[in-house]
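Examination of the molecular architecture
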Amino acid sequence: MKKYLTITLAALIITAVPQVAKAQTKAAAVAVAHIDLDSILQIFPAYKSAMDTAQLYYAQLEKEMYSMQVELQRKATEFDSLSKTMSPFIKQLKQKDLYDLQQRIQEFQASAQEDFTNKRTALLQPVYKTIQKAVKAVALEKGYKYVLDSSQSSLVVLYAADSDDLFLAVKAKLGIK
């Protein structure tokens, strides 16, 4: 019985050792690198340009919103000062006018926020695609299977042992000096 157990154990070890070695070889073949995408974005001229354009668009929306609020305030002040002398019919019309203007302002706020988000996304999408293309090209050139974003805002990497940082290579690929 002891002899049978020893033979079985030896056979198990003989078949298991090559499998473990093969698994370790495969694991060693997977190359991982990282890049701080926030840092790339901060120095990439196309990102700055897209963000500047988005900010200008936001400023236009804010200006329109401000003018609508000023108009509402002016009409509300006028209504308050003249409401005692208005006939009930005129007073009702003015109240409805104020209510309608307030509704338009609220609708404008909601649609302006959505519009700004869509505009910003449309402006930034080509920037992200360009960076992604550069990261992919560098990863393929250097033989990496995975590239992780190590920037503070992404929280993709919670822990990483030392790996190659592709920041300088991607920066060069994007033509950033």
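Look above for the structure.
In this report, we go over the structure that sits alongside the text. Residue indices follow the written sequence of each chain, beginning from 1 at its first position. Whole-chain, interface and lining totals are the exception, using all residues; otherwise, since this is a predicted model, local features are given only for residues with pLDDT of at least 70 and side-chain atom pairs are given and counted only at 80 or more. The side-chain values count all of the structure's non-hydrogen atoms but skip hydrogen atoms and water molecules.

This part covers the overall build of the protein. Numbering of helices and strands starts at the N terminus; helices are DSSP runs of H or I of at least 4 residues and strands are runs of E of at least 2. Helix and strand counts for the protein stand at 5 helices and 3 strands. Ordered by position in the sequence, the α and β elements of the protein form the string α-β-α-α-α-β-β-α. Only protein chains enter the area calculation, which uses a 1.4 Å probe; residues under 20% of their type maximum are buried, those over 50% are exposed, and those in between are partly exposed. The buried share of the protein, taken over its 177 residues, is 21%.

On to the pattern of salt bridges, then. When a carboxyl oxygen of Asp or Glu lies within 4 Å of a side-chain nitrogen of Lys or Arg, that pair is called a salt bridge. As enumerated under the stated definition, the model contains 6 salt bridges in all. Put simply, Glu 71, Lys 75 and Asp 97 are held in one network by salt bridges that share partners.

Let us look at the sheet that holds strand β1 (residues 32–35). The pairing criterion is simple: DSSP has to find at least two bridges between the two strands. Strand order in the open sheet formed by 3 strands is β2-β1-β3, and the pairing between neighbours is parallel. For this open sheet the edge positions go to β2 (146–149) and β3 (164–165), each flanked by a neighbour on one side alone. Alignment of β1 against β3, held across 2 bridges, turns out to be parallel. Across the sheet, His 34 pairs through a bridge with Asp 165, a residue of β3.

A separate point is the nonpolar core. Judged by nonpolar contacts, the single largest core of 21 residues is most densely connected at Ile 40, Phe 44, Tyr 47, Val 127, Ile 131, Val 170 and Leu 174. It is helix α4 (residues 88–142) that contributes the most residues to this core, 7 residues altogether. The criterion used for residue contact is that any of the two residues' heavy atoms lie within 4.5 Å. Among all residues touching Tyr 47, those that are not within four sequence positions of it are Leu 41, Gln 42, Leu 124, Val 127 and Tyr 128. What makes a nonpolar core is a set of buried Ala, Val, Leu, Ile, Met, Phe, Trp, Tyr and Cys residues whose side-chain atoms join them at distances within 4.5 Å.

Attention shifts here to the packing of helix α3 (residues 45–82) against α4. In this description, a line fitted to the C-alpha atoms serves as the axis of each element, helices being fitted only across the stretch in contact, and the angle between N-to-C directions of two axes falls anywhere from 0 to 180 degrees. Axis separation between α3 and α4 bottoms out at 10 Å; the angle between their running directions is 175°. By the angle class used here, α3 and α4 are roughly antiparallel. The classification used treats Ala, Val, Leu, Ile, Met, Phe, Trp, Tyr, Cys and Pro as nonpolar, Asp, Glu, Lys and Arg as charged, and all other residues, Gly among them, as polar. Across the contact of α3 with α4, the residue classes break down as 23 nonpolar, 6 polar and 11 charged. Small angles under 35 degrees read as roughly parallel and large ones over 145 as roughly antiparallel, with 65 to 115 read as roughly perpendicular and the rest as oblique.

This brings us to the pairing of β1. Within a regular strand, the side chains alternate between the two sheet faces. Here β1 shows a clear split, with Ala 33 and Ile 35 buried on one side and none of Val 32 and His 34 buried on the other. Pairing geometry for β1 and β2, over 4 bridges, is parallel. Looking at β2, one finds that Ile 35 is bridged to Asp 149.

Take a nonpolar patch on the surface next. In this scheme, patches are assembled from residues that exceed 30% relative accessible area and form no salt bridge. Like charges are connected within 9 Å, while nonpolar side chains (Val, Leu, Ile, Met, Phe, Trp, Tyr) are connected within 5 Å. What sets the accessible areas is the Shrake-Rupley method with a 1.4 Å probe; for residues, cover comes only from the shown protein chains. There is a patch of nonpolar side chains on the surface, built from Val 32, Tyr 146 and Leu 148 and spanning about 260 Å² of accessible area. Position of Leu 148 among the secondary structure elements: in strand β2.

Here Asp 149 is to be found in strand β2. By the counting scheme adopted, Arg and Lys are positive, Glu and Asp are negative, and His together with the chain ends is not counted. Among buried charged residues, Asp 149 stands out as having no salt bridge; its nearest opposite-charge side chain is Arg 120, 13 Å away. One polar contact links the side chain of Asp 149 to the main-chain amide nitrogen of Leu 37, over a distance of 3.3 Å. Polar contact criterion, stated in full: a pair of N or O atoms within 3.5 Å, where within protein one must be able to donate a hydrogen and the other to accept it, and residues adjacent in sequence count only if both atoms are side-chain atoms. A polar contact is formed between the side chain of Asp 149 and the side chain of Ser 151, at a distance of 2.8 Å.

The next point concerns α3. By this rule, a helix spans an expected 1.5 Å times one less than how many residues it contains. Taking 1.5 Å of rise per residue, the 38 residues of α3 would be expected to cover 56 Å, and the 55 Å separating its terminal C-alpha atoms lies within 8% of that figure. What α3 keeps buried is the set Tyr 47, Ala 50, Met 51, Ala 54, Tyr 57, Leu 61, Met 65, Met 68 and Phe 79. Elements that come into contact with the buried residues of α3 comprise α2 (37–43) and α4.

Moving on, we get to the packing of aromatic side chains. Here a pair means two rings of Phe, Tyr or Trp (six-membered ring of Trp) with centres within 6.5 Å. Their orientation is stacked below 30 degrees between planes, edge-to-face above 60, and tilted elsewhere. Counting across every chain of the model gives 1 aromatic pair. Sitting over the ring of Tyr 57, Lys 119 keeps its end group 5.2 Å from the ring centre. In our convention, an over-ring charge means Lys NZ or Arg CZ found within 6 Å of a ring centre and within 35 degrees of that ring's normal.

Moving on to α4. For α4, spanning 55 residues, the distance from its first C-alpha to its last is 80 Å, which sits close to the expected 81 Å at 1.5 Å a residue. Axes are fitted to the seven residues ending at a residue and to the seven starting at it; the angle between these axes is taken as the bend at that residue. Considering bend angle alone, the principal kink of α4 is centred on Leu 124 and spans about 30°; proline Pro 126 follows within four residues of it.

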